Amino acid sequence: MNRQITINQPARLEIGAGSVATVGAWAGDAQRVLVLTVDILREKVASLGLRGAVTVYDDIPPEPDDHALERALDVAGELEPDLIIGLGGGSVMDIAKLVAVLWDRGQSLTDVIGPNKVAKRLSRLALIPTTAGTGSEAGIRALVTNSETQAKMAVESPFMGADLAALDPELTFSVPAAVTAATGIDAMAHCVEAFTNKNAHDMIDSYARMGIGLVGKYLRRAVENGSDTEAREGMMLASYYGGICLGPVNTAAGHALAYPLGTRLHLPHGLANALIFPHVLAFNQPDRPEKTAEVLSFLGLKAGTGTEHVSAEAHAFCASLGVDMKLGNHGATEGDLRSWAEEAHAIRRLMDNNPRDMSIDQVEAIYKSAL
């Protein structure tokens, strides 16, 4: 029998080309609006149709740490916004979630790490993804890096759920092919890791199947033609479904192994997951043979059994999208791998979800295979 689960989604979801134009009407008479974004997206703010006083803060880095969060909180604390909008990728949306519950300094980041420790929501929150990968707009979790330890800190609370999420594929047209590929594989990894998870659930499996199927159908098209509206929308839905999977089930060893690549090599999150994905899918195959076969089928890959076959097919899929799958080409050396393996192995909130136990030696062996 399936365990009890709770699924949190945005209160309102707008989907489709041009849906970003609905944000202004939804925002209504908000008087103090804070838009969190990045520099290259500043010109997109006008398309939101916002009224009232709008402050744009665009200094949010990829893989933001606690210092980046503090800077954003300082801006929000001065403004005391009644509406916060996160316009960007997962990093921007995660910071927007945290700012929406912390800007009055009633609680600090350290107070709220973990599940259900946030006391209240301070501002209305809209999340508008401009990439198709993290699915952050779908859920109630936010990640930020500890600047001292370089570990990921996770905060989870229903108070961080979006009042509005707008999935507008036209916002992703300008995303480069390489980023489209990597973020798309990240969306797929969310679905796959939840699908093959020790804590998998029938309902979440349904979202995962839909997400993986959309990746198989549309990711290559989106990489090859960034202005393919149907493909871009399909990938935004895949990302959203992956975000739903993160809530009640979450990811497993794949993301645990990817995190040190992001914090130590400063690789984009999607790329880090792409490098790891084939190896962990293959590692888990003996414990999840039927579901692994489904994953291969959804992605249009050759059916077959055995870890070597699964690894080769998944590796070829990622490489065919233009991803450089050699970890060594991204700055890793063999001398790095043991400490990264120890770090990844210690992320028990994810590793304990993996269907097959993984030792530090096995984590290191996966890194070596990816090198």
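For the structure itself, look to the data block above.
So, here's what we can say about the structure. Worth saying up front: this structure is predicted, and the values here are computed from it rather than measured.

### Focus on the overall build of the protein chain
Next, step 1: The secondary structure content of the protein chain amounts to 14 helices and nine strands.
Next, step 2: For the protein chain, the C-alpha radius of gyration of 19 Å lies close to 21 Å, the compact-globule estimate for 371 residues.
Next, step 3: Projecting the C-alpha coordinates of the protein chain onto the three principal axes gives extents of approximately 60 × 45 × 40 Å.
Next, step 4: In the protein chain, which comprises 371 residues, the proportion classed as buried is 57%.
Next, step 5: Just so you have it, the protein chain exposes about 14300 Å², and 50% of that area is on carbon and sulfur atoms.
Next, step 6: Of the side chains in the protein chain, 31 bear a positive and 45 a negative charge, and the two mean positions are spaced by 3 Å.

### Brief notes about the state of the cysteines
Next, step 1: Summed over all chains, the structure comprises zero disulfides.
Next, step 2: Free cysteine Cys 191: the closest other cysteine sulfur is in Cys 245, separated by 4.5 Å.
Next, step 3: Between Cys 318, a cysteine without a disulfide, and Cys 191, which holds the nearest cysteine sulfur, the sulfur-to-sulfur distance is 14 Å.
Next, step 4: Judged by relative accessible area, Cys 318 falls into the buried class, the value being 0%.

### Things to note about the sheet that holds strand β8 (residues 152-156)
Next, step 1: Within the open sheet, the three strands sit side by side as β5-β8-β7. Their pairing is mixed. The strands lining the two open edges of the sheet, one partner per strand, are β5 (114-115) and β7 (141-145).
Next, step 2: With five bridges connecting them, β7 and β8 associate as antiparallel partners. Bridging across to β8, Val 144 finds its partner in Met 153.

### Things to note about empty space enclosed by the protein
Next, step 1: In the structure shown here, the tally under the stated rule is two cavities of 30 Å³ or more.
Next, step 2: Considered as a void within the structure, the largest cavity measures approximately 100 Å³ in volume.
Next, step 3: Around the largest cavity sit Ala 189, Val 192, Glu 193, Thr 196, Gly 254, Asn 273, Ile 276, Phe 277, Val 280, Leu 281, Asn 284 and Asn 354, which together line it.
Next, step 4: Broken down by element, the lining of the largest cavity gets its largest block of residues, six residues, from helix α9 (residues 269-284).
Next, step 5: Each pocket or cavity is described by its volume, and for the second largest cavity that value is around 60 Å³.
Next, step 6: Lining the second largest cavity we find Thr 131, Ala 132, Thr 172, Val 175, Thr 180, Thr 183, Gly 184, Leu 219, Arg 232 and Met 235.

### Some points on the nonpolar core
Next, step 1: Judged by nonpolar contacts, the single largest core of 76 residues is most densely connected at Ile 185, Leu 257, Leu 261, Phe 277, Phe 317, Leu 327 and Tyr 367.
Next, step 2: Other than its neighbours up to four places away in sequence, Phe 317 contacts Met 188, Val 215, Leu 219, Arg 220, Leu 299 and Leu 301.
Next, step 3: Residues Ala 100, Leu 102, Val 112 and Met 160 belong to the second largest nonpolar core, which totals 31 residues.

### Thoughts on the sheet that holds strand β2 (residues 32-36)
Next, step 1: Across the sheet, six strands lie side by side as β1-β9-β6-β4-β2-β3; this open sheet has parallel pairing. With partners counted over all chains shown, the strands left at the sheet margins are β1 (13-15) and β3 (53-57), one partner each. Across the sheet, the mean angle from the axis of one strand to that of its neighbour is 15°, orientation sign disregarded.
Next, step 2: Of the strands in this sheet, β2, β4 (83-88) and β6 (124-129) touch helix α3 (residues 90-102), which is tilted by about 165° from β4.

### Brief notes about the pairing of β4
Next, step 1: Among the six residues in β4, six count as buried, and that is most of the element.
Next, step 2: The two faces of β4 match: Leu 83, Ile 85 and Leu 87 on one face and Ile 84, Gly 86 and Gly 88 on the other face are all buried.
Next, step 3: With four bridges connecting them, β2 and β4 associate as parallel partners. Of the residues in β4, the one forming a bridge with Leu 36 is Gly 86.

### Focus on the packing of aromatic side chains
Next, step 1: By the definition in use, this model includes two aromatic pairs.
Next, step 2: For the pair Trp 340 and Tyr 367, a centre-to-centre distance of 6.2 Å together with 80° between the ring planes defines the contact as edge-to-face. Separated by 27 residues along the polypeptide, Trp 340 in helix α12 (residues 337-345) and Tyr 367 in helix α14 (residues 360-370) bring together distant segments of the chain. For the pair formed by Trp 340 and Tyr 367, the shared burial category is buried.

Reading the values: the criteria
Residues numbered from 1 in each chain as written. Predicted model: local features only at pLDDT ≥ 70, side-chain atom pairs only at ≥ 80, totals over all residues. Heavy atoms only, no water. Helix = DSSP H or I, 4+ residues; strand = E, 2+ residues; numbered from the N terminus. Rg over C-alpha atoms; globule rule 2.2 N^0.38 Å. Buried < 20%, exposed > 50% of the residue type's maximum accessible area, 1.4 Å probe, protein only. Areas by Shrake-Rupley, 256 points an atom, 1.4 Å probe, with all protein chains shown as cover. Lys, Arg positive; Asp, Glu negative; His and termini not counted. Charge placed at Lys NZ, Arg CZ, Asp CG, Glu CD. Disulfide = S-S within 2.5 Å. Pairing = 2+ DSSP bridges. 1 Å grid on protein atoms, 1.4 Å probe; cavity = no way out; pocket = protein on both sides within 12 Å on 5 of 7 lines; lining within 4 Å. Points joined across faces, edges and corners; volume = space filled by probe spheres on them. Core = buried A, V, L, I, M, F, W, Y, C linked by side-chain atoms within 4.5 Å. Contact = heavy atoms within 4.5 Å. Axes fitted to C-alpha atoms, helices over the stretch in contact; angles between N-to-C directions. Phe/Tyr/Trp six-rings, centres within 6.5 Å; stacked < 30°, edge-to-face > 60°.

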